[in-house]
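# Inside the fold
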Amino acid sequence: MRVLLIEDDPMIGASLQSRLGHAGMAVDWVTNGADALDALAADGYGLVLLDLGLPDRPGLGVLEALRRRKSRIPVLIVSARDEVGAQVAGLDLGADDYIVKPFEFDMLMARIRAVLRRQAGHAESKIVVGDITLDLASHEVAYRGLSQLLPAREFALLHALAERPGAILSRHQLEDRLYGWGAEVESNAIDVLIHYIRRKFDKDIVRNVRGAGWMIPKEPA
Ligand code: CA
């Protein structure tokens, strides 16, 4: 999952980028509204974390501009402003949720999962695709009677494929979902992750489409 973090506080920004990164998200971090809107003009983000107090414009202005472009990307406001008026304004302008700083990281993650579940149109934290069940909260994967807790990146790769069952994702598309700006990505990084996943389950868990990429079939085998 590619995440855009819009946050001008260097300590909070660095800490969120690192912790979300460890949770398997590819986090691009910008510190003002103009850079945020530039970044959001490109596709590929699955979630926006938005601070309201930005140096060049109000965070709500970024949200408004984004929704004016008809973007449906989930936006979670993360702000120190705890007054009801700010929260109501944010939600009414199209934010999906609002979390007040300071917050517990686990609470942020739970809110993120809830927002993503709603976006995907299901109420549970489990995704079932073909023979695979992914638990978004625990990162446990079950496949044909085997269950394993996967490391963040391996889970993120399966999650990216499971979000679009039956669709082929190329190496480039997968790298885009899994790694943020400036990440050093080895040319065989995706192959290595798939190798580890297959070794834990079975080679059939991810299908290779020669020359095109990888996919997870929609229906059980
Ligand atoms: Ca701020």
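For the structure itself, consult the block above.
Right, let's walk through the structure included here. (Residues numbered from 1 in each chain as written. Predicted model: local features only at pLDDT ≥ 70, side-chain atom pairs only at ≥ 80, totals over all residues. Heavy atoms only, no water.)

Moving on: helix α8 (residues 189–200). With twelve residues, α8 should reach 16 Å at 1.5 Å per residue; the first-to-last C-alpha distance of 17 Å fits that figure. Within α8 the residues assigned to the buried category are A189, I190, L193, I194 and I197. Take α8 and look down its axis: the buried residues cluster within an arc of 130°, on one side only. Tucked into the core, α8 has its buried residues touching α6 (152–163), α7 (171–178) and β11 (213–215). (Helix = DSSP H or I, 4+ residues; strand = E, 2+ residues; numbered from the N terminus. Expected span 1.5 Å × (residues − 1). Buried < 20%, exposed > 50% of the residue type's maximum accessible area, 1.4 Å probe, protein only. Arc of directions from axis to C-beta. Contact = heavy atoms within 4.5 Å.)

Time to look at the coordination of the calcium ion. Protein-derived coordination of the calcium ion comes from D8 (OD), D51 (OD) and G53 (O), at a distance range of 2.2 to 2.4 Å. When the donor residues of the calcium ion are listed from N- to C-terminus, their spacing reads D-x42-D-x1-G. Here D8, found in the loop between β1 (2–6) and α1 (10–22), pairs with G53, found in the loop between β3 (47–50) and α3 (59–68); they are 45 residues apart in sequence, far enough to count as distant. Its relative accessible area of 31% is what places D8 among the partly exposed residues. (Donors = N, O, S within 2.8 Å, 3.2 Å for Na, K, Ca; no water.)

This part covers the environment of D51. Turning to its location among the elements, D51 is positioned in the loop between β3 and α3. In the structure, D51 is positioned 114 residues away from P165 in sequence and 33 Å away in space, judged by C-alpha atoms. When residues no more than four places from it in sequence are discounted, the contact partners of D51 are I6, E7, D8, G59, V78, S79 and K101.

Read from one edge of the open sheet, four strands run β6-β7-β8-β9, paired in antiparallel fashion. Of all the strands in the sheet, the pair left with one neighbour each is β6 (126–129) and β9 (146–149). Taken over all neighbouring pairs, the strand axes of this sheet differ in orientation by 15° on average, direction set aside. As paired elements, strand β8 (residues 140–143) and β9 share four bridges and run antiparallel to each other. Within β9, the residue paired with Y143 across the bridge is L146. Its contacts with the sheet place α6 against β6, β7 (132–135) and β8, and it is angled at close to 120° to β7. (Pairing = 2+ DSSP bridges. Axes fitted to C-alpha atoms, helices over the stretch in contact; angles between N-to-C directions.)

This paragraph deals with the sheet that holds strand β5 (residues 97–100). On the basis of which strands lie adjacent, the open sheet formed by five strands has the order β2-β1-β3-β4-β5 and parallel pairing. Both outer strands of the open sheet, β2 (26–30) and β5, are each paired with one neighbouring strand and no more. Neighbour-to-neighbour, the strand axes of this sheet turn through a mean angle of 20°, independent of strand direction. The sheet contact formed by strand β4 (residues 75–79) and β5 spans four bridges and is parallel.

These values are about where atoms sit, not about what they do.
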